[in-house]
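Structure at a glance
What follows is each chain in one-letter form.
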Amino acid sequence: MATHGDLFGDFVAMLARALDDAGSAPADLAAQLFVSRSHLDRIVSAVAGESPVALRRRLLLERAAYRLSSTDATILDVATEAGYGSHEAFTRAFARGFGMAPAQWRRGPAGVAIGSPNNVHFQPPGSIRLPGLRKVSSMNLIDRMVDHHVWLTGEFVQRAARLPDEVLDEPIEYGLDDDPDQMTLRRLLSRLVGQMAMWNAALALRPYDWDVEQHESVASMRERLRTEGATFGARVHEAIDLGQLDDTFVDTTCTPPRVFTYGGMIAHVLTFAAHRRTLVALALDKHGIGDLGWGDPLGWVPNDEASVRIAPSS
């Protein structure tokens, strides 16, 4: 069931697309959202502290300020674009929002945001910025990046199961010197899983069997990832929750053993995994499997917990 926040988000997304349409009346926007004008007014006012009309007018003024500072358009052209029928009406509205007339502001422009109760603002050059419902800390972000990595590795392995062995074993130009053997899609996927398994072994002070990565089946990768991915993710979450990112541990899988921090280990995994995942994405796309794109986390991170920029359609 849609919440008031959902309706407000849908309204702002639609507003972003209709910002250039001076004739788009609130009733038209309400109809496109399948609600009545009065219902839309009530919900937007309750969530945003501004009516739909006031919110749209403020965003247009903020965009007008950006236009004044970034273009040579006349003040009248900017006023018309913002939906004002005269230079005088625009000047009065602009002065109320920014404390000075457009011509004066243009000579010494500052930020384009006008104070508001909801922190929804025009985002140059052509977006609307919504505040996040919850603030995301750097620790939350690390958590999510690791979760994304485990998830995406699983998705890659699932898709690799569609390919024959000769494709899985085609040579791939690797570009890194941490593995001297010939790289293939099979080896890349096995290393993505094995990288997590290797660090799980190091943290548990047990040896890691490198031989498993030589000619591993996709079924074996899937099974290993089910355990090793969950274990690695849990260890990262624990280190973050307990504030252990600067704590050290001894990696006995190295010869000789070396000391690392938890934070350094996580950064290492994500850095090398990003390169391998890109090569996997390219190899899969080469053979007609491109639905994951580059595996970019931009579209994966939940939008209800992160700051969102809504761009109007072109």
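Residues numbered from 1 in each chain as written. Predicted model: local features only at pLDDT ≥ 70, side-chain atom pairs only at ≥ 80, totals over all residues. Heavy atoms only, no water.

It is worth spelling out the overall build of the protein at this point. Tallying secondary structure elements over the protein gives twelve helices and seven strands in all. Here the protein holds 314 residues, and the buried ones make up 43% of them. Taking as baseline every contact in the protein between residues at least 6 positions apart, the subset at least 24 positions apart corresponds to 64%. Of the roughly 16300 Å² that the protein leaves accessible, carbon and sulfur atoms contribute 54%. (Helix = DSSP H or I, 4+ residues; strand = E, 2+ residues; numbered from the N terminus. Buried < 20%, exposed > 50% of the residue type's maximum accessible area, 1.4 Å probe, protein only. Contact = heavy atoms within 4.5 Å. Areas by Shrake-Rupley, 256 points an atom, 1.4 Å probe, with all protein chains shown as cover.)

This next bit is on the pairing of strand 5 (residues 248-251). As a general feature of sheets, a regular strand has side chains that alternate between the two faces. Burial along strand 5 is one-sided: F249 and D251 are buried, while T248 and V250, pointing the other way, are not. Where strand 5 meets strand 6 (residues 258-261), four bridges bridge the pair, whose relative direction is antiparallel. Of the residues in strand 6, the one forming a bridge with D251 is R258. In this structure, the hairpin formed by strand 5 and strand 6 is closed by a connection of six residues. (Pairing = 2+ DSSP bridges.)

One way to put it is that helix 10 (residues 185-203) packs onto helix 11 (residues 218-241) with a least axis distance of 9 Å and a crossing angle of 45°. Accordingly, the angle class assigned to the pair helix 10 and helix 11 is oblique. Where helix 10 crosses over helix 11, the two elements pack in a sense that is left-handed. Contacts from R186, L189, S190, V193, G194, M196, A197, W199, N200 and L203 of helix 10 reach helix 11 at M221, R224, L225, E228, G229, T231, F232 and R235. (Axes fitted to C-alpha atoms, helices over the stretch in contact; angles between N-to-C directions. Parallel < 35°, antiparallel > 145°, perpendicular 65-115°, else oblique. Left-handed = near helix turned anticlockwise from the far one by under 90°.)

The next point concerns helix 3 (residues 37-48). The terminal C-alpha atoms of helix 3, which comprises twelve residues, lie 16 Å apart, in line with the 16 Å expected from a rise of 1.5 Å per residue. For helix 3, the complete set of buried residues consists of L40, I43, V44 and A48. For helix 3, the angular spread of buried residues about the axis comes to 105°, placing them on one side. Summarising the geometry of helix 3, the exposed residues directed more than 90 degrees from the buried face are R42 and A46. In the segment just after helix 3, G49 is the residue with positive phi, at about 75°. (Expected span 1.5 Å × (residues − 1). Arc of directions from axis to C-beta.)

In this structure, F156, L185, L189, W199, F232, M265 and V280 are the most contacted members of the largest nonpolar core, which totals 47 residues. By residue number, the principal contributor to this core is helix 10, which donates twelve residues. With residues near it in sequence (within four places) discarded, M265 still touches W199, L203, F232 and F249. Grouped together as the second largest cluster of nonpolar side chains are 39 residues, I43, A48, I75 and Y84 included. (Core = buried A, V, L, I, M, F, W, Y, C linked by side-chain atoms within 4.5 Å.)

Taking 1.5 Å of rise per residue, 25 residues should cover 36 Å, and helix 12 (residues 262-286) covers 36 Å from first to last C-alpha, within 8% of that figure. G288 lies just past helix 12 and shows a positive phi near 85°.

Our next topic: the packing of aromatic side chains. Per the stated rule, a full pass over the model turns up eleven aromatic pairs. Between F94 and W105 the ring centres are 5.9 Å apart and the planes differ by 75°, which places this aromatic pair in the edge-to-face class. You can see F94 sitting in helix 6 (residues 87-98) and its partner W105 sitting in helix 7 (residues 102-107), a full eleven residues away along the chain. You can call W105 buried: its relative accessible area is 3%. (Phe/Tyr/Trp six-rings, centres within 6.5 Å; stacked < 30°, edge-to-face > 60°.)

We now examine the confidence of the model for the protein. This prediction gives the protein a mean pLDDT of 85; 88% of its residues lie at or above 70. For the protein, per-element mean pLDDT is lowest for strand 7 (residues 308-310), which scores 38, and highest for helix 9 (residues 165-168), which scores 96. Within the model, pLDDT remains below 50 along residues 302-314, and this stretch shows 33 contacts once partners closer than five positions in the same chain are excluded. (pLDDT = per-residue confidence, 0-100.)

As a further point, take the side chain of R67. Examined against the element boundaries, R67 turns out to sit in helix 4 (residues 52-70). Owing to a relative accessible area of 17%, R67 belongs among the buried residues under this scheme. If we skip the residues at most four places from it in the chain, R67 touches V78, E81, R106 and P125.

Mapped onto the elements, I240 comes out in helix 11. Through-space distance from the C-alpha of I240 to that of I142 is 8.5 Å; in sequence the pair is 98 residues apart.

Turning next to the pattern of salt bridges. Enumeration over the complete set of coordinates arrives at twelve salt bridges. In this structure, R58 and E50 form a salt bridge, with 2.9 Å as the shortest nitrogen-oxygen distance. Take R58 and E50: they sit in the same class, and that class is buried. Linked by salt bridges that have partners in common, E50, R58 and E62 make up one network. (Salt bridge = Lys/Arg side-chain N within 4 Å of Asp/Glu carboxyl O.)

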